[in-house]
Amino acid sequence: MNLGENIIYLFILAFPIACIAWTVTHEQIFYEPRKYCFKKSKSCKSIWARKFFYLFTCEYCFSHYVTLFFLIILKYKLLYDDWRGYLIAFFALVWIANVYMSLFGWMRQELKSEKLTAEMLEDEVKEIKKEKENQD
């Protein structure tokens, strides 16, 4: 595979990694297991147990394990054909996936903000209409 194909694979492979990491660490479908893991990450006596449970609550941490899973399955290497290619691919995929998740989080926040602004304006218009009806 040439460098151009490798770079395209890098940006494409980061999408499912980001999607899985975000879904497990943020979305409602995994709320109960994530809540359990959060509690265990605070209450376990062993540092290893606390760290294990924490990784299911942090998209950055979890993306490392998802990336490792994808690298094992796909045997994707970046720049080198030996173990160095795996190492570079690992950190590059984690980084790109986290950029995607940051952008997605920012977009969701912007959409929520716009929705709240629209709801506030709608409420103001309703109040003005009520005041106008009361004056008539």
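On a predicted model such as this, the values are computed, not experimentally measured, just so you know. (Residues numbered from 1 in each chain as written. Predicted model: local features only at pLDDT ≥ 70, side-chain atom pairs only at ≥ 80, totals over all residues. Heavy atoms only, no water.)

Visitor: What should I look at first to understand the overall build of the protein chain in this one?
Guide: The number of helices and strands found in the protein chain is five helices and zero strands. Ordered by position from N to C terminus, the α and β elements of the protein chain give α-α-α-α-α. In terms of principal-axis extent, the alpha carbons of the protein chain reach across some 80 × 45 × 20 Å. Taken across its 136 residues, the protein chain has 28% of its residues classed as buried. Sequence-distant contacts in the protein chain: of pairs separated by 6 or more residues, those separated by 24 or more amount to 57%. Carbon and sulfur atoms make up 65% of the accessible area of the protein chain, which totals about 10200 Å². For the protein chain, the distance from the average site of its 18 positive side-chain charges to the average site of its 16 negative ones is 15 Å. (Helix = DSSP H or I, 4+ residues; strand = E, 2+ residues; numbered from the N terminus. Buried < 20%, exposed > 50% of the residue type's maximum accessible area, 1.4 Å probe, protein only. Contact = heavy atoms within 4.5 Å. Areas by Shrake-Rupley, 256 points an atom, 1.4 Å probe, with all protein chains shown as cover. Lys, Arg positive; Asp, Glu negative; His and termini not counted. Charge placed at Lys NZ, Arg CZ, Asp CG, Glu CD.)

Visitor: Sorry if this is basic, but what is going on with helix α2 (residues 31-43) here?
Guide: Quick reminder: α-helices carry 3.6 residues per turn. Residues three or four places apart thus point the same way. Spanning 13 residues, α2 covers 18 Å between terminal C-alpha atoms, matching the ideal 18 Å at 1.5 Å per step. All buried positions along α2 are accounted for by Arg34, Cys37 and Ser41. Projection of α2 onto a plane perpendicular to its axis shows the buried side chains occupying an angular sector of 60 degrees, all on one side. Facing away from the buried surface of α2 by more than 90 degrees, the exposed residues are Glu32, Lys39, Lys42 and Ser43. Tucked into the core, α2 has its buried residues touching α1 (3-26) and α3 (47-54). (Expected span 1.5 Å × (residues − 1). Arc of directions from axis to C-beta.)

Visitor: Looking at this model, I keep getting lost on the packing of α1 against helix α5 (residues 83-135). Mind explaining?
Guide: Axis angle and axis distance: for two packed helices, these are the angle between their axes and the distance between the axes, and together they describe the pair. Closest axis-to-axis distance for the α1/α5 pair is 8 Å, and the angle between their directions is 60 degrees. It follows from the interaxial angle that α1 and α5 lie oblique. The way α1 lies across α5 gives a crossing that is right-handed. Residues Leu10, Phe11, Leu13, Ala14, Phe15, Ile17, Ala18, Ala21 and Trp22 of α1 form the contact with α5, whose participating residues are Ala92, Leu93, Ile96, Ala97, Tyr100, Met101, Phe104, Gly105 and Arg108. Of the residues assigned to the contact of α1 with α5, the class counts are 16 nonpolar, one polar and one charged. (Axes fitted to C-alpha atoms, helices over the stretch in contact; angles between N-to-C directions. Parallel < 35°, antiparallel > 145°, perpendicular 65-115°, else oblique. Left-handed = near helix turned anticlockwise from the far one by under 90°. Nonpolar A, V, L, I, M, F, W, Y, C, P; charged D, E, K, R; others polar.)

Visitor: Which parts of the structure should I look at to understand the environment of leucine 79?
Guide: Among the secondary structure elements, leucine 79 is positioned in the loop between α4 (59-74) and α5. Between the C-alpha atoms of leucine 79 and glutamate 59, which are 20 residues apart in sequence, the distance is 26 Å. The contacts of leucine 79, once residues within four sequence positions are left out, are Leu3, Asn6 and Ile88.

Visitor: What should I look at first to understand a nonpolar patch on the surface in this one?
Guide: On the surface, Leu3, Ile7, Phe11, Leu79 and Tyr80 cluster together into a nonpolar patch covering about 450 Å² of accessible area. The class of tyrosine 80 is partly exposed, set by a relative accessible area of 35%. (Patch = residues over 30% accessible without salt bridge, like charges linked within 9 Å, V, L, I, M, F, W, Y side chains within 5 Å. Salt bridge = Lys/Arg side-chain N within 4 Å of Asp/Glu carboxyl O.)

Visitor: Just checking my understanding: could you explain the packing of aromatic side chains for this structure?
Guide: A ring pair, where both rings are aromatic, is described by two values, the distance of the centres and the angle of the planes. Applying the stated criterion across every chain, the model contains nine aromatic pairs. The interplanar angle of 45 degrees and the centroid separation of 5.6 Å between the aromatic rings of phenylalanine 56 and phenylalanine 62 together place this pair among those described as tilted. In this structure phenylalanine 56 comes out as partly exposed when scored by relative accessible area, which is 24%. Taken together, a centroid distance of 5.0 Å and an interplanar angle of 85 degrees make the contact between phenylalanine 90 and phenylalanine 91 edge-to-face. In this arrangement the basic side chain of arginine 84 is found over the ring face of tyrosine 80, its NZ or CZ atom lying 4.0 Å from the centre. (Phe/Tyr/Trp six-rings, centres within 6.5 Å; stacked < 30°, edge-to-face > 60°. Lys NZ or Arg CZ within 6 Å of the ring centre and 35° of its normal.)

By themselves, these figures tell us nothing about what the structure is for.
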